[in-house]
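Residue-level listing of the chains:
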Amino acid sequence: MNSHSADLPATEEPTFSHLPVLPQAVITGLAVRAGGNYLDATVGGGGHSRLILAAAPDIRLTAIDQDEDALNAAKKELADFSEQIKFIRSNFATYQFPAGCFDGILADLGVSSYHLDTPERGFSFRHTASLDMRMDQRQSLTAADVINEWDEAKLADIFFKYGEERLSRRIAKRIVEKRPLHTTTELAEAIALCVPPKYRYGRIHPATRVFQALRIVVNDELKSLETFVEKAPNALVPGGRIVIISFHSLEDRLVKHSLRNSPLLKVLTKKPIIATEEEIAHNPRSRSAKLRIAERVVSG
């Protein structure tokens, strides 16, 4: 559970966490300045946006998210800055980037604690819920469609490719034998039973990698990220910065290569910036966060 909702009374609904990861590195990385124009491409609960808006006077911010719950939460969280913000419901890959417009662009690729703590969204195997996992509830494909309709070879392939799951074939076979599977806990149980007993009770739940793979596939996350990193640099002013925080190796690899290969960017982080022990103790979610920064070059 995230540190924001951990101390809520049990009767309350999960809320979007306003505890942003790597807060200092984000503000420094974006080189936030007075009168600047910024884009938060994954506003979530608004934690990073609040930091940007509070960092200097007269800042303008465009906040986008594909999740309606996220936008509503951010509007509440940032109500005292409402004059300075434009909210847009959009996936960051399909957003129409205005050319040469922003001094800084931020994308935090983490799944919000809200999604994990809201059972009915189906992101977590810790609560029983239908297999949904859609970030944008307007789309039709759900995790249940993938699990119950895709063939065994294709399932094994996505578990291996997007979950880096070594037992992908065995798990896919078991799922096909057991289907239809309707809930998150049914799926997690089917996966756990394929795994040798010594791994069943390890630090990482045996279903973790498969759930990651499903989430990536349902939301087409890597393709969206690729498109975003390709389009975003055009929207920066010369000298403008792009800061991207990723949470697993597939994303980080993609970000690293895309930033390096962009003719419009100069990479400023040789190695990614990671959280200090102190921050991890304060916000456990930051443990796997990796932040990379690049700057728009002044075209000669």
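Residues numbered from 1 in each chain as written. Predicted model: local features only at pLDDT ≥ 70, side-chain atom pairs only at ≥ 80, totals over all residues. Heavy atoms only, no water.

Caption draft 1: Up close: the packing of aromatic side chains. According to the stated counting rule, one finds four aromatic pairs in the structure shown. The interplanar angle of 45° and the centroid separation of 5.9 Å between the aromatic rings of F97 and F228 together place this pair among those described as tilted. One end of the pair, F97, is in the loop between β3 (85-89) and β4 (102-108); the other, F228, is in helix α11 (residues 221-231), with 131 residues separating them in the sequence. The class for F97 is buried, based on a relative accessible area of 17%. In this structure F228 comes out as buried when scored by relative accessible area, which is 0%. Taken together, the ring pairs in this structure connect F92, Y95, F97 and F228 into an aromatic cluster. Here K154 stacks its cationic end above the ring of W150, 4.0 Å away from the centre of that ring. (Phe/Tyr/Trp six-rings, centres within 6.5 Å; stacked < 30°, edge-to-face > 60°. Helix = DSSP H or I, 4+ residues; strand = E, 2+ residues; numbered from the N terminus. Buried < 20%, exposed > 50% of the residue type's maximum accessible area, 1.4 Å probe, protein only. Lys NZ or Arg CZ within 6 Å of the ring centre and 35° of its normal.)

Caption draft 2: Quick peek at the packing of helix α6 (residues 152-163) against helix α7 (residues 168-178). At a minimum axis distance of 8 Å, the contact between α6 and α7 shows a crossing angle of 135°. In terms of their interaxial angle, α6 and α7 are classed as oblique. Along this stretch, α6 crosses α7, giving a crossing that reads as right-handed. Of the residues in α7, those in contact with E152, L155, A156, F159 and F160 of α6 are S168, R169, I171, A172, K173, I175 and V176. Each residue belonging to the contact of α6 with α7 can be placed in one class, and the counts come to eight nonpolar, one polar and three charged. (Axes fitted to C-alpha atoms, helices over the stretch in contact; angles between N-to-C directions. Parallel < 35°, antiparallel > 145°, perpendicular 65-115°, else oblique. Left-handed = near helix turned anticlockwise from the far one by under 90°. Contact = heavy atoms within 4.5 Å. Nonpolar A, V, L, I, M, F, W, Y, C, P; charged D, E, K, R; others polar.)

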